[in-house]
Amino acid sequence: MASRGILINRTTVKNEKANTIKEAFEIVKTMAKEASPQKRLKLEIVLDQYRYLVYEPLVLSADEVPELAYVDLTVTSLADGVRSIISGCDWIDGARFEAVEGQPYYKYQFPKDESGRYPRFREFLVDREHIPMARSEEMIYPFSRLTEEEREDAKNLKGTFFPFEMAKKLKEAPISGTECHFFVEWEWYACHVKSVDLKNTKELNGQRYAFVEFLKEDADAFHNKSNKNLSLRGRRTYFCNSPAFLTPGTFSYDYKRGILYYYPKDGGRPRGALEFPCVENLLVFKGLSNLTVDKLIFTGTTSTYLCDHPYLSGQANNLRGGGMLTDAAVLMTDVRHATVRNCVFEQLGGNGLQMTDRNIGVRLEGCIFKNVEMSAVRIGNPTWNWQEEKNRTYDVRVENNYMEHIAYGYPTAPAFYITQVDGFDFCHNTVRDVAYSAVSLGWNWDVVYYALGSRVNVRDAHLAYNRFEDHMMLLQDGGAIYALGANCHHDYEKRFNSMHDNYSSSRGMRDRGRYGYYMDGSASNWDCYHNVMINANYPLFSQPHPHAASWHNHIYDNYINTPLAPEGILAPERDVIYSDNHIDLLSEEELLAKYEEVKAIKAASGCSRELLRAVDVLYNT
Amino acid sequence: MAIKINRSAKSEQFAAVSLKDTFAEICRLAKDMARPDNRLALGVVLNDEVYQVYEPLTLSVDEVPELAYVDLTITARGDGVCSTVTGARTIPGKAFAKVEGKPYYKYQFAPDENGAYPKFRELMVNKEYIPVAHGERMHYQFASPPEEKAATGEEVRGAYLPIELVRELASEPISGAECRYHHCCTWRMFRIKGVDLNDTRELNGETFARVEFLEEDQYCFLNKTKARLPLRGSPFYFFNSPAFLTPGTFTYDYMGGTLYYYPLRESDLTLPIEYPVAEQLFVFKGLSNLTVEKLRFMGTTCRYACDYPYMGGQASRVFDRNHKGDKDCFRIEKSAIFATAMNRFTVKNCVFEQLGGNGIFMPDNNVAVRIRDNIFQNVGMTAVTVGNFSADWLDPKNRLFDIRIENNYFEHICCDYAILSAITVGTVDGLSICHNTIKETGYMAMHIGWTWTTVPYALGEKVNIRDAEIAYNYIENYMMIAEDGGAIYVLGANCNHDNPRRFNSMHDNYATAGTMRIWGRYAYYMDATSTNWDCRHNVTINANHPVFSQPCPWACSWHNHMHENYCNTPVRAKVPAPDRDVMVYNNVIDTLPEDEFLAKYEEARKIRAAAGCSEVLLDAVRALRENIPHAGAAFVFPS
């Protein structure tokens, strides 16, 4: 489908026209050649109210055109209140689906591309919304973690055992593409199933288990790279992406053989807008400064890594031994003064906005993130090596944004993640329904000996007036705000970071592992005050572990409806002070009724009413 | 005279005879035992002695890399200050000979093997520097030589000064005599070659005779006087000429090796008379976890002005004759303690006095410096200098982190080089200057930061001054000589304008300046694009500009708030600039004398009462005065 009417404005002097964003980017690159450090060029790409399809990442990089570093660029929509859509989805005609014999669902066979491969994706959109991937019922894994000896001999361990009936059902349908997901405290593993051997069984506590073999790479990774400090016993696990477990309104996609299975919700033939994502990145910017992305909707991306590899992720969705992925609708690297505002990021299989390497002066304002499978926003490189310039992030302000249903595809991803940062404001955001932590910042576990400023983990961070609802819905050991790491030598006692006036509530208690305001891994120099935390196992927590004990954290004047726990968190000798907290084991309603201050904190928290209305317009009306 | 070296791990002890041996032993132990994964803890304990040091004692990782892995404490044996490290040498009083027909004495040094005489600029009688003889103060009446040359097309032949004073100068040997002057924020010391009483100029009925400087000094006087700073009206005086000797003063002709001394009383010749030999006492480079405590440092000099014309500018900069711009200047680093590239360096409970150079000088890349509970008095240059004066933060050597200068006493600082400040700190991230008492400074009490231009960088990306707290200091009689400076002078932009947070603060300081001056004495002075300062709840007495945030359009300040200050002089109308978030509000301005002002405002009294160093330290200062200071005198310092 042809796009139309993109304007490229050059300081109102000269206008160019393009039909596609790709064309617009090419014109920008050409125009940029006139720019120099002494003579910056101001350009504006104005998109029509239209749906622009992007099947390969569109890149503006100063590596390719160095003069782009001297262009002030705005990418925006034509009019106020109107957002242009940039989508990475391709469509499938419902008529091309064929019924699977003897089954209530349908399938579509993709043709191979010119290199003989099928498209790879992990999301399927019906009428512009992700539908769930088919999965089995959950089981609680009953076996212990591997011993050191078993790990050493792991090459011979090709898989593991699953309940016999579950394995049997899995075997009833094509297995190719089937994944097995493990939820292990703060980690998440996904391995590909190769086969099921119903003759190889094991008994435990009166229950029979059959052997499920993983693909070799996956089996090796599962046995070698899974966290050896975390027991697998008692963890939730299930099969995923197998047609054997299709239910109405779900899909599975055998990305090895290019077969998409779809079980329409109404039981009828597939119809409506049926789309699959084709790209991992929509827009990529590198080395630019004074960049503004405004009033756009980004949708329809995927992440293909898991189609080809086992996925063993640790904290903050980093691959164990493999670093981070850069799958994001908008990927920015090494940018200065970048603003993303009034945009919508929805139905995305990777991250929403991701910024890697050195970024300075980031503003994220008035954006909506919904149904994002990884993090809504991810900023920085996950390393403690501040000394290397590319790992530094300065002056980030994230204000008045809305995030909902985040990271259910890759649950180790926090809704908002930022690594080492100097100057960070996270205020007046609403974050709802997230698989793991709502906000995670910092990247360091050890005690540090540097003076404030000579290196940075988290400095001058200010997280306030945010509303968190239903965090930690899948994993454990994370918080509404999870602040990680020491921020300078212990002899510096000033509390230069603060979290205050945040309101967090979750539906019901979890059995364990949901923290509230969580200062982990030798975290230091935090002020945590005047917050509300409803239904967290550990509402206020400053790490007491002797190997990573926190220092100089003051936690006071907070309102919580669960007790402080566990023992050992009170540590005046480390200047970790809990004082004047209001602990009252009431329900949320009762707490609100009893404490005027709780009501006031709640009322002042979260994004603006205007943004909530925009959410309502987009999704409910 | 044994010095103990304690090695903590096994409580081993080693003995050394002299400080030089001690430092050599430390190097040997470091080489043998110190490793990155096995740091060596050493303690040097000095006896109740006077240790004479005539050449710098050095511990440097350039020479012994393993010193980087030594935790070292250098201290005195007992409580209080009882060990003295001096760079001075004694002259027997009886070696002085009376100058015929004069009330003063002279001592002729013997030349060394190169035919040179010792060079120094101070004389210590009974452990205290005495003043150098100088002529009366006059004001230069003519335009600066470059200006005159531009106007008349003729080369000026020297400085024209009142003929009677010039005649008096010519009445005694001129060798070694100097002419000193300052105009605005510069300071000049030129060596005199001769006078020509026949080369005169008339102005307003007064006769002026020509003074000619040594060749290089003459070149600088004629060519390096800044045209934009008016020389006319600048205070001049002759210095170091026996023609102006008065009781209790001295002069020293460092070219001819003749020392002239006019004792207050004849009996003073029986007191210890010493001249400084060393320019530096201790030199440290690249060490971490070093503590120096309970030592008295005294008896140093700085020979630079004996050999070269001295042209000083703001922030200890010195310009040579070829100077073209800020990048060409340098600083004189002579100091009792010179330390660079240090990590966790503490100087506490020490006395720095009778020093001709700097007290503590720490140029490059210092982290976690603690200067606490010390006394600095009679220091010719700066008492404490930390950092470089460069806006290039990206060069690691220009970075300072976590510098704390707390509870110190400073008196009579930088009066010999009156363009220096008692405390100078370069570009710094994390600074605390609190609870210090600073009295009598030639120029400013403190000077922090270094840049004039606006900056585009985000906070943290680069640093000029960040997270600085300057509070509870008592400052009295600052800016005694030079102009255009402040009690607290901070310079430069600290991040781009879109960050309004005031992350630097000066509060609860008390600055009093004695009598009013015509101009140029500021109190709390945020100069040249200064940003992000909170200046609140201070008192200022008798400053021309009590609070000042630079409004100059080329270098205007941003995001500075000045509030709740108590001033007895008005704030300049151009200072408030709400468009730049420079706010002046809720200040109490009442043009009363200090005593009436204090009587009227209780809050000002409270600020004064809470300002300055501790009573314990003031007691130590008093004890130091009342007892003739010598080795073995124990002054109890705060622990």
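The coordinates are above.
Cut-offs used in this document
- Residues numbered from 1 in each chain as written.
- Chains lettered and ligands numbered in written order.
- Predicted model: local features only at pLDDT ≥ 70, side-chain atom pairs only at ≥ 80, totals over all residues.
- Heavy atoms only, no water.
- Helix = DSSP H or I, 4+ residues; strand = E, 2+ residues; numbered from the N terminus.
- Buried < 20%, exposed > 50% of the residue type's maximum accessible area, 1.4 Å probe, protein only.
- Contact = heavy atoms within 4.5 Å.
- Areas by Shrake-Rupley, 256 points an atom, 1.4 Å probe, with all protein chains shown as cover.
- Lys, Arg positive; Asp, Glu negative; His and termini not counted.
- Charge placed at Lys NZ, Arg CZ, Asp CG, Glu CD.
- Phe/Tyr/Trp six-rings, centres within 6.5 Å; stacked < 30°, edge-to-face > 60°.
- Lys NZ or Arg CZ within 6 Å of the ring centre and 35° of its normal.
- Buried area = accessible area lost by both parts, 1.4 Å probe.
- Salt bridge = Lys/Arg side-chain N within 4 Å of Asp/Glu carboxyl O.
- Nonpolar A, V, L, I, M, F, W, Y, C, P; charged D, E, K, R; others polar.
- Expected span 1.5 Å × (residues − 1).
- Arc of directions from axis to C-beta.
- Pairing = 2+ DSSP bridges.
- Patch = residues over 30% accessible without salt bridge, like charges linked within 9 Å, V, L, I, M, F, W, Y side chains within 5 Å.

1. Thoughts on the overall build of chain A
Here is step 1 of the chain: In terms of helices and strands, chain A carries eight helices and 52 strands.
Here is step 2 of the chain: Along the first, second and third principal axes, the C-alpha atoms of chain A reach 70 × 65 × 50 Å.
Here is step 3 of the chain: Each of the 621 residues in chain A was classed as buried or not, and the buried ones make up 63%.
Here is step 4 of the chain: For chain A, long-range pairs separated by at least 24 residues make up 77% of all intrachain contacts whose partners lie at least 6 apart in sequence.
Here is step 5 of the chain: About 23,600 Å² of surface is accessible on chain A, with carbon and sulfur atoms providing 48% of the total.
Here is step 6 of the chain: For chain A, the centre of its 70 positive side-chain charges and the centre of its 83 negative side-chain charges are spaced 3 Å apart.

2. A word on the packing of aromatic side chains
Here is step 1 of the chain: For the structure on display, the rule yields 94 aromatic pairs over all chains.
Here is step 2 of the chain: Considering the side-chain rings of B:Phe352 and B:Phe376, the 4.8 Å spacing of their centres and the 10° angle between planes classify their relative orientation as stacked. With a gap of 24 residues between them, B:Phe352 in strand E30 (residues 351-355) and B:Phe376 in strand E33 (residues 375-379) connect regions that are remote in the sequence.
Here is step 3 of the chain: Its relative accessible area of 0% is what places B:Phe376 among the buried residues.
Here is step 4 of the chain: Summarising the aromatic geometry, the rings of B:Trp393 and B:Phe401 are spaced 5.4 Å apart at their centres and angled 75° between planes, so their arrangement reads as edge-to-face.
Here is step 5 of the chain: Overall, B:Trp393 belongs to the buried group, its relative accessible area being 5%.
Here is step 6 of the chain: Using a relative accessible area of 5% as the deciding quantity, one classes B:Phe401 as buried.
Here is step 7 of the chain: Cluster of aromatic residues (ring-pair linked, three or more members): A:Tyr141, A:Phe143, A:Phe161, A:Phe162, A:Phe182, A:Tyr209, A:Phe211, A:Phe214, A:Phe222, A:Phe239 and A:Phe245.
Here is step 8 of the chain: The side chain of B:Arg180 reaches across the aromatic face of B:Phe239, ending 3.3 Å from its centre.

3. A few points about the environment of A:Pro243
All names here are of chain A.
Here is step 1 of the chain: Summarising the element assignment, Pro 243 is placed in the loop between strand E18 (236-240) and strand E19 (250-254).
Here is step 2 of the chain: Sequence separation between Pro 243 and Met 133 is 110 residues; the distance between their C-alpha atoms is 9.5 Å.
Here is step 3 of the chain: The residues touching Pro 243, leaving out its near neighbours within four places in the chain, are Tyr 105, Ala 173, Pro 174, Ser 252 and Tyr 261.

4. Digging into the interface of chain A and chain B
Here is step 1 of the chain: Listed by partner, the interface residues are 21 residues for chain A and 20 residues for chain B.
Here is step 2 of the chain: Between chain A and chain B, a total of about 1,600 Å² is buried, with carbon and sulfur atoms accounting for 34% of that surface.
Here is step 3 of the chain: Sorting the residues of chain A by area buried against chain B places A:Arg459, A:Asp460 and A:Asp491 first, and these three jointly supply 23% of that buried surface.
Here is step 4 of the chain: Counting across the chain A and chain B interface gives eleven salt bridges.
Here is step 5 of the chain: A salt bridge links B:Glu461 to A:Arg336; the shortest N-O distance between them is 2.6 Å.
Here is step 6 of the chain: For the side of chain A that touches chain B, the secondary-structure elements that each account for two or more residues are strand E28 (336-341), strand E31 (359-365), strand E34 (393-399) and strand E40 (458-464) of chain A.
Here is step 7 of the chain: A per-class count over the side of chain A that touches chain B returns six nonpolar, four polar and eleven charged.

5. Focus on the pattern of salt bridges
Residue and element names in this part refer to chain B.
Here is step 1 of the chain: Tallying each qualifying case throughout the model produces 74 salt bridges over all chains.
Here is step 2 of the chain: A salt bridge links Glu 406 to Arg 372; the nearest nitrogen and oxygen atoms lie 3.0 Å apart. Placement of the pair is Glu 406 in strand E35 (residues 400-406) and Arg 372 in strand E32 (residues 366-372), with a sequence separation of 34 residues.
Here is step 3 of the chain: Its relative accessible area of 28% is what places Arg 372 among the partly exposed residues.

6. Concerning helix H8 (residues 615-626) of chain B
Residues and elements named next belong to chain B.
Here is step 1 of the chain: Between the first and last C-alpha of H8 there are 16 Å, a value that for twelve residues agrees with the 16 Å anticipated at 1.5 Å per step.
Here is step 2 of the chain: Those residues of H8 that sit buried are Leu 617, Leu 618, Ala 620, Val 621 and Leu 624. The buried residues of H8 all sit within an arc of 155° when viewed along its axis, so they share a single face. Residues of H8 that are exposed and point over 90 degrees away from its buried face: Glu 615 and Glu 626.

7. As for the pairing of strand E16 (residues 187-204) of chain A
Residues and elements named next belong to chain A.
Here is step 1 of the chain: Across six bridges, strand E15 (residues 179-184) lies against E16 in antiparallel orientation. Along E16, the bridge assignment pairs Val 184 with Glu 187.
Here is step 2 of the chain: In textbook terms, the turn of a hairpin is the stretch between consecutive antiparallel strands, and for E15 and E16 this stretch comprises two residues, one of which, Glu 185, has a positive phi near 55°.
Here is step 3 of the chain: Judged from the three bridges that link them, E16 and strand E25 (residues 311-314) form a sheet pairing that is antiparallel.

8. Points about the environment of A:Gly423
Residue and element names in this part refer to chain A.
Here is step 1 of the chain: Considering the arrangement of structural elements, one finds Gly 423 in strand E37 (residues 421-427).
Here is step 2 of the chain: Taking the relative accessible area as the measure of exposure, Gly 423 reaches 15% and is therefore buried.
Here is step 3 of the chain: Distance in space between the C-alpha atoms of Gly 423 and Leu 7 is 36 Å, their sequence separation being 416 residues.

9. Points about a negative patch on the surface
Here is step 1 of the chain: Together, A:Glu148, A:Glu149, A:Glu150 and A:Glu152 make up a region of like negative charge exposed at the surface.
Here is step 2 of the chain: Tracing the backbone through its elements, the reader meets A:Glu150 in helix H2 (residues 148-152).

10. Let's talk about the sheet that holds E19(A)
Here is step 1 of the chain: One open sheet holds the four strands; their spatial order is E9-E10-E20-E19 (chain A), and the pairing between them is antiparallel. Strands with a single pairing partner mark the edges of an open sheet, and in this sheet they are strand E9 (98-99) and E19 of chain A.

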